[in-house]
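# Working through the structure, step by step
Spelled out, the chains give:
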Amino acid sequence: VDDLDPIPACTSTLTFQNGIFLAPMVRIGTLPTRLLSLEYGADLVWGPEIVDRAIIGCERKVNPTTGVVEYLKEHKQIFSCHPIERPYLVYQLGSANPDLAYQAIKIITQADDVAAVDLNCGCPKPFSTHAGMGANMLSTPVLLCNTLKAMRRAAPPHVAVTCKIRLLPTQEATIELVDKIVRTGAIECLTVHCRTKDMRPREPALLHRLREIVDHVNTLAAEMGRTIPVVCNGDVWDAVNAPRIKELTGVTSTMVARGAEANPSCFRPQGSLSIPDVIAPKWVRYSLALNNPIGNTKYCMAQLAFKPAESVAKDAGTKAKPMNKKQLSALRTGIAQAKTHEELATVFKIDVDQVR
Ligand code: FNR
């Protein structure tokens, strides 16, 4: 990759504006979560971070029954997606190596399975940072920018390249970094998780720091003759909350992680639906229909917010009475004990033959 070569133009029709997006989440952001999020109002959905070496060398296979596209290595599923989410799907790459990033993006865009590709520069977990990836990329801006340029060169023109970062400890350093990223000309959108690398998820996101960053990117992008929306991530729990955060930060789009992990109907502007009455049974139906790996189904369902207060059936379109604590606990035990999707279906009284 010759870094002096001009950056190819992008012809993607995605604007990344005026939307609410599902954040990238390892293990959680699999097909059922993404399809449920889209059904309930997410405008775009990010897949889980997958590192360059994992996707390189994968074989692409389409399941003729479910339509699911699988990227497999030694019979292990590394990534899966479905043609119906293609216009809204962002593949997130973990990389700290422009050559490997180039190869990885070639693989994932070879058959036009995704609408955009994103570089993870925010993950503080050792599995990402140990190789200089994730949030460690924030302290190697030249490498970060070269990796984005390699991704732009590898992706077909109609596939957008985007980047997700965290805040740096000082506002000055953050603006300096953002400036470099935008000046690459390689990205169509920048997501900022409004926490620093050392902040824990329970600490409130520093949303007040975003407006200045948004203003800087808007001005710089205008000078470059383009639009590069900034997306706000961090403590945006649902669509009901999003307008307040947009007003506070100056963004037009927001991104939700833990809110969607707890309840993928959080994207509904009218408010979330009940987990036990609506979302959990739907999760099982989607998993059955898509043949989702059972381990993943159980993991994701265990993160859903089965709170008594959310068991109220008013939104469910049913006349069922809200479940009491005992019924909810029985449901959770049923999920924990199920070893197959068929057993999960029994817990929710779902007729498997009607779903498959
Ligand atoms: C994450 N996050 C994350 N970020 C990223 O860029 N790539 C990833 O693969 C993951 N994986 C992941 C898994 C899980 C279970 C969680 C909860 C989070 C971080 C996530 O995208 C987001 O930046 C933060 O969670 C902040 O957003 P919320 O949770 O405050 O909405």
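Just so it is clear, the model here is predicted, and its values are computed rather than measured. Sequence order as written defines residue numbering, which begins from 1 separately in each chain. A pLDDT threshold of at least 70 governs which residues receive local features in this predicted model, and a stricter bar of 80 or more applies before side-chain atom pairs are shown or counted, although totals over entire chains, interfaces and linings include all residues. Values reported for side chains reflect all heavy atoms of the structure, with hydrogen atoms and water molecules removed beforehand.

With that settled, consider the packing of helix 11 (residues 294-303) against helix 12 (residues 325-337). At a minimum axis distance of 9 Å, the contact between helix 11 and helix 12 shows a crossing angle of 155°. Viewed along their axes, helix 11 and helix 12 adopt a mutual orientation that is roughly antiparallel. Classified by chirality, the crossing of helix 12 by helix 11 is left-handed. Residues K298, M301 and A302 of helix 11 form the contact with helix 12, whose own contacting residues are R332, I335, A336 and Q337. In the scheme used here, Gly and all other residues not listed as nonpolar or charged are polar, with Ala, Val, Leu, Ile, Met, Phe, Trp, Tyr, Cys and Pro taken as nonpolar and Asp, Glu, Lys and Arg as charged. When the residues that make up the contact of helix 11 with helix 12 are grouped by side-chain class, the tally is 4 nonpolar, 1 polar and 2 charged. Here, axes are lines fitted to C-alpha atoms. For helices the fit covers the stretch in contact, and angles between N-to-C directions go from 0 to 180 degrees. Secondary structure elements follow DSSP: runs of H or I no shorter than four residues count as helices, runs of E no shorter than two count as strands, and numbering proceeds from the N terminus. Our angle categories are set so that under 35 degrees counts as roughly parallel, over 145 as roughly antiparallel, 65 to 115 as roughly perpendicular, and the remainder as oblique. By the definition used in this description, the sense in which the near helix is turned from the far one sets the handedness, with an anticlockwise turn below a right angle giving left-handed and a clockwise turn giving right-handed. Residue contacts follow a heavy-atom distance rule, with two residues in contact if any of their heavy atoms lie within 4.5 Å.

Next up on the list: the nonpolar core. Grouped together as the largest cluster of nonpolar side chains are 103 residues, with contacts concentrated most on I55, L148 and I181. With 8 residues, helix 10 (residues 275-290) is the single largest residue contributor to this core. Taken domain by domain, the makeup of this core includes at least three residues from each of domain 1 (20-267) and domain 2 (275-355). Grouped together as the second largest cluster of nonpolar side chains are 11 residues, F16, F21, V231 and M255 included. By convention a nonpolar core is built from buried Ala, Val, Leu, Ile, Met, Phe, Trp, Tyr and Cys residues, the set being connected through side-chain atoms within 4.5 Å. Using a 1.4 Å probe on the protein chains alone, a residue whose accessible area is under 20% of its type maximum counts as buried, one over 50% counts as exposed, and one in between counts as partly exposed. Segment limits for the domains were obtained from an automatic or database-derived domain assignment.

Counting through the fold element by element, P126 comes out in helix 4 (residues 126-129). The spatial distance from the C-alpha of P126 to the C-alpha of K282 is 34 Å, given a sequence separation of 156 residues.

Our focus in this paragraph is the site of the ligand. The rule for a residue being near a molecule or strand is that one of its heavy atoms must lie within 4 Å of it. Taken together, 17 residues lie around the ligand, and P24, Q92, N233, D235 and R258 are the ones closest in. When the ligand is considered free in solution it has 600 Å² of accessible area, and contact with the protein chains removes 87% of it. Spatially, the ligand is embedded in the largest pocket. Counting residues per element, the ones that place at least two in the shell around the ligand are strand 10 (189-196) and helix 9 (258-262). Its residues placed into classes, the shell around the ligand shows 6 nonpolar, 5 polar and 6 charged. Only the protein chains shown count as cover for residues, and all accessible areas are computed by the Shrake-Rupley method using a 1.4 Å probe. Here a cavity means grid points, on a 1 Å grid over the protein atoms only, where a 1.4 Å probe fits yet cannot get out; a pocket means an open set of points with protein on both sides within 12 Å along at least five of seven lines; lining residues are those with an atom within 4 Å of a point. Any molecule with more than half of its atoms within 2 Å of a cavity's or pocket's grid points is counted as sitting in it.

Quick look at the pairing of strand 6 (residues 76-81) now. Pairing of strand 5 (residues 69-73) with strand 6, which is carried by 5 bridges, proceeds in the antiparallel orientation. Along strand 6, the bridge assignment pairs L72 with Q77. Pairs of strands are assigned from DSSP output, requiring at least two bridges between the strands.

Grid points are joined across faces, edges and corners, and a volume is the space filled by probe spheres set on the points. One number sums up the size of the largest pocket: a volume of about 800 Å³. As for the largest pocket, its lining consists of 33 residues, and the residues nearest its centre are P24, M25, K125, R166 and A257. Taken together, the elements giving at least two residues each to the lining of the largest pocket come down to strand 9 (160-167), strand 10, strand 12 (253-256) and helix 9. Looking at the lining of the largest pocket, its residues break down into 16 nonpolar, 7 polar and 10 charged. In this structure, the second largest pocket spans a volume of roughly 460 Å³. Considering the residues around the second largest pocket, the lining is formed by 20 residues, among which P48, I50, Q77, I78 and F79 are closest to the centre. For the lining of the second largest pocket, the secondary-structure elements that each account for two or more residues are helix 1 (31-39), strand 3 (50-51), strand 6 and helix 11. Taken together, the residues that form the lining of the second largest pocket break down as 10 nonpolar, 6 polar and 4 charged. The two domains that each donate at least three residues to the lining of the second largest pocket are domain 1 (20-267) and domain 2 (275-355).

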